[in-house]
Amino acid sequence: MSTDKVQIFDTTLRDGEQVPGCKLDTAQKLVIAQQLDSLGVDVIEAGFPVSSPGDFQSVYEIAKLVKNATVCGLTRAVKNDIKVAAEALQLAKRPRIHTGIGTSDSHIKYKFNATREQVIERGIAAVTYAKSFVEDVEFYAEDAGRTDNEFLARVCEAMIKAGATVLNIPDTTGYCLPEEYGQKIKYLKENVKGIDKVILSCHCHNDLGLATANSIAGVLNGARQIECTINGIGERAGNTSLEEVVMIMKQHPYLDLSTGINSQLLYATSQMVSDHMGMPVQPNKAIVGANAFAHSSGIHQDGVIKNRETYEIMDPAEVGVTESSIVLTARSGRAALAYRAKKVGYELTKLQLDEVYCEFLKFADKKKEIKDTDLHHIMKRTNVAI
Ligand code: KIV
Ligand code: ZN
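As the structure is a prediction and not an experimental result, all values here were calculated from the model. (Residues numbered from 1 in each chain as written. Chains lettered and ligands numbered in written order. Predicted model: local features only at pLDDT ≥ 70, side-chain atom pairs only at ≥ 80, totals over all residues.)

**Topic: the packing of helix α1 (residues 26–39) against helix α2 (residues 53–65)**
Two measures define how a pair of helices packs: the angle their axes make with one another and the distance between the axes.
Moving on, step 1. Interhelical geometry of α1 versus α2 gives an angle of 35° and a closest axis separation of 9 Å. The crossing of α1 and α2 is right-handed. Along its contact with α1, which presents Thr26, Lys29, Leu30, Ala33 and Gln34, the element α2 presents Gly54, Gln57, Ser58, Glu61, Ile62 and Leu65.
Moving on, step 2. Residues belonging to the contact of α1 with α2 are distributed by class as follows: 4 nonpolar, 5 polar and 2 charged. (Axes fitted to C-alpha atoms, helices over the stretch in contact; angles between N-to-C directions. Helix = DSSP H or I, 4+ residues; strand = E, 2+ residues; numbered from the N terminus. Left-handed = near helix turned anticlockwise from the far one by under 90°. Contact = placed C-beta atoms within 7 Å. Nonpolar A, V, L, I, M, F, W, Y, C, P; charged D, E, K, R; others polar.)

Below is the structure:
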């Protein structure tokens, strides 16, 4: 069956690195960029070259290193930003300049003290100037989530005429509801002249925990690029999480949407980014959290031991996790105890299991989790040998 490809635009090294206290040096960025390229992302946003000499250097080195993905640099709608980004990207096989300007009334009034017309003019000038350096120019309408659709459509039309190849519709403040964000994309698809010549991109922030849902609503309504980060890191509550959107599309094949991501590298990539940034992954994080494939209640454990599909919608191996784990706690039942005991070498008869289970519960009520060392101790107390 043919599916529509959704481009994965990874901004771990730009929007993701805006997390306070998580700065990466050039060597760390190069290691992560290489991993992102192997993971199969379509675009790596390597940084914001004009922001500092270090960021310029990182973008320059990443552009030189990356073999497959498009390498992108962020700019404001400012001539010097664009010139510096073009310099940083000069060695990229596939360079992209990502330029743009705020389009919501509050950005126009408070950030720029300008008019809507002036903002359109600045956008056109930025896209036209970026086009003088590279073919691939992405335009972002910052705060598009709170920009009225009619004006946003005018902005988009003007940027297509100026030569933009991708139009980024950021929900910068993470304010939109999925329905609303999806309708925004649909409105643009239906009302902007020339829209089929460009790719519409979703760039959603997670202030209300809706970044993933909004990005999926966007692609269901015609967007074909998602901007995201590993582990969902980024400004404030973060960006759309790459691993979530990728696995949503993979686990729902009837959507006919696919990506070029090798999902088996997701877990290793998540760990790598977490280690370099010194930012632990929350245990209950979907797909890559320590508990994403851990089962701890007796009812669930019994089901999973009989057949994984009872409580798992994907095979952990698909995301690079070796196997699901059965965690022993006071909520575990006999099936889980027998399963873990067998894993560490004890084949229990029914009678032995009853005895060991009684002893196990006494321990489990006092501890958060029964580890293998505790299990050996319990076996010893009940005279069970390997
Ligand atoms: O959130 C946002 O609007 C951004 C733009 C700069 C693309 O990160
Ligand atoms: Zn952002």
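There's more to say after this.
**Focus on the domain arrangement of the protein**
Moving on, step 1. Here the protein is partitioned into domain 1 (4–277) and domain 2 (294–382).
Moving on, step 2. Counting from both sides, the interface comprises 9 residues of domain 1 and, opposite them, 6 residues of domain 2.
Moving on, step 3. Residue assignment for the side of domain 1 that touches domain 2 shows that the elements contributing at least two residues are α9 (242–251) and α10 (266–277).
Moving on, step 4. Split into classes, the residues belonging to the side of domain 1 that touches domain 2 amount to 5 nonpolar, 3 polar and 1 charged. (Domains from an automatic or database assignment.)

**Points about the packing of helix α5 (residues 116–131) against helix α6 (residues 149–162)**
Moving on, step 1. Orientation of α5 relative to α6, taken along the N-to-C sense of each, is 25°, at an axis distance of 9 Å. Compared by their axis directions, α5 and α6 come out roughly parallel. The crossing of α5 and α6 is right-handed. Each of Arg116, Ile120, Gly123, Ile124, Val127 and Thr128 in α5 lies in contact with α6, whose residues at this interface are Phe151, Arg154, Val155, Ala158, Met159 and Ala162. (Parallel < 35°, antiparallel > 145°, perpendicular 65-115°, else oblique.)

**A few points about the site of ligand 1**
Moving on, step 1. Near ligand 1, the surroundings consist of Asp15, Tyr140, Glu142, Asn168, Pro170, Thr172, His203 and His205.
Moving on, step 2. Those elements giving two or more residues to the shell around ligand 1 turn out to be β6 (136–142) and β7 (166–171). (Near = placed C-beta within 6 Å.)

**Comments concerning helix α3 (residues 79–88)**
Moving on, step 1. Among the residues making up α3, those that are buried are Asp81, Ile82, Val84, Ala85 and Ala88. Across the axial projection of α3, the buried residues extend over an arc of 165°, all falling on one side.
Moving on, step 2. Turning to α3, the residues buried within the fold contact α2, β4 (70–74), β5 (95–102) and α5. (Buried ≥ 20, exposed ≤ 12 C-beta atoms within 10 Å, placed from the backbone. Arc of directions from axis to C-beta.)

**Examining the pairing of β7**
Moving on, step 1. Counting buried residues in β7 gives 6 out of 6 residues, a clear majority hidden from the surface.
Moving on, step 2. Side chains Val166, Asn168 and Pro170 of β7 all project onto a buried face; the interleaved residues Leu167, Ile169 and Asp171 project onto the opposite face, where all are buried too.
Moving on, step 3. Examined bridge by bridge, β6 and β7 share 3 bridges and lie parallel to one another. Counted as the bridge partner of Tyr140 is Asn168 from β7.
Moving on, step 4. Taking the sense of rotation as the criterion, the β-α-β connection linking β6, α6 and β7 turns out right-handed.
Moving on, step 5. Both β7 and strand β8 (residues 199–204) contribute to a ladder of 6 bridges, which runs parallel. Each residue of the ladder has a partner; that of Val166, found in β8, is Ile199. (Pairing = 2+ DSSP bridges. Right-handed = clockwise from strand over helix to strand, strands pointing away.)

**Comments concerning the environment of Val321**
Moving on, step 1. Of note, Val321 is situated in the loop between α11 (298–306) and β12 (325–326).
Moving on, step 2. Of the residues examined, Val321 has 21 C-beta atoms within 10 Å and is grouped as buried.
Moving on, step 3. C-alpha of Val321 to C-alpha of Cys22: the two residues are 299 residues apart in sequence and 25 Å apart in space.
Moving on, step 4. Those residues within four positions of Val321 in sequence are excluded, and the remaining contacts are Tyr267, Phe293 and Pro316.

**Here we look at the sheet that holds strand β3 (residues 43–47)**
Moving on, step 1. Spatially, 8 strands are ordered β2-β3-β4-β5-β6-β7-β8-β9 in a closed barrel, and the strand pairing comes out parallel. Ignoring which end each strand starts from, the neighbouring axes of this sheet average 25° apart.
Moving on, step 2. Where β8 lies against strand β9 (residues 225–228), 3 bridges are found, and the strand directions are parallel. Bridged to His203 within β9 is Glu227.
Moving on, step 3. Helix-sheet contacts for helix α8 (residues 211–220) involve β7, β8 and β9, and the interaxial angle to β8 is about 170°.

**Considering helix α14 (residues 372–381)**
Moving on, step 1. Listed in full, the buried residues belonging to α14 are Leu375, Ile378 and Met379. Angular distribution of buried residues about the axis of α14 spans 100°; they occupy a single face of the element. Summarising the geometry of α14, the exposed residues directed more than 90 degrees from the buried face are Thr373 and Lys380.
Moving on, step 2. On its buried face, α14 is in contact with α12 (334–343) and α13 (350–364).

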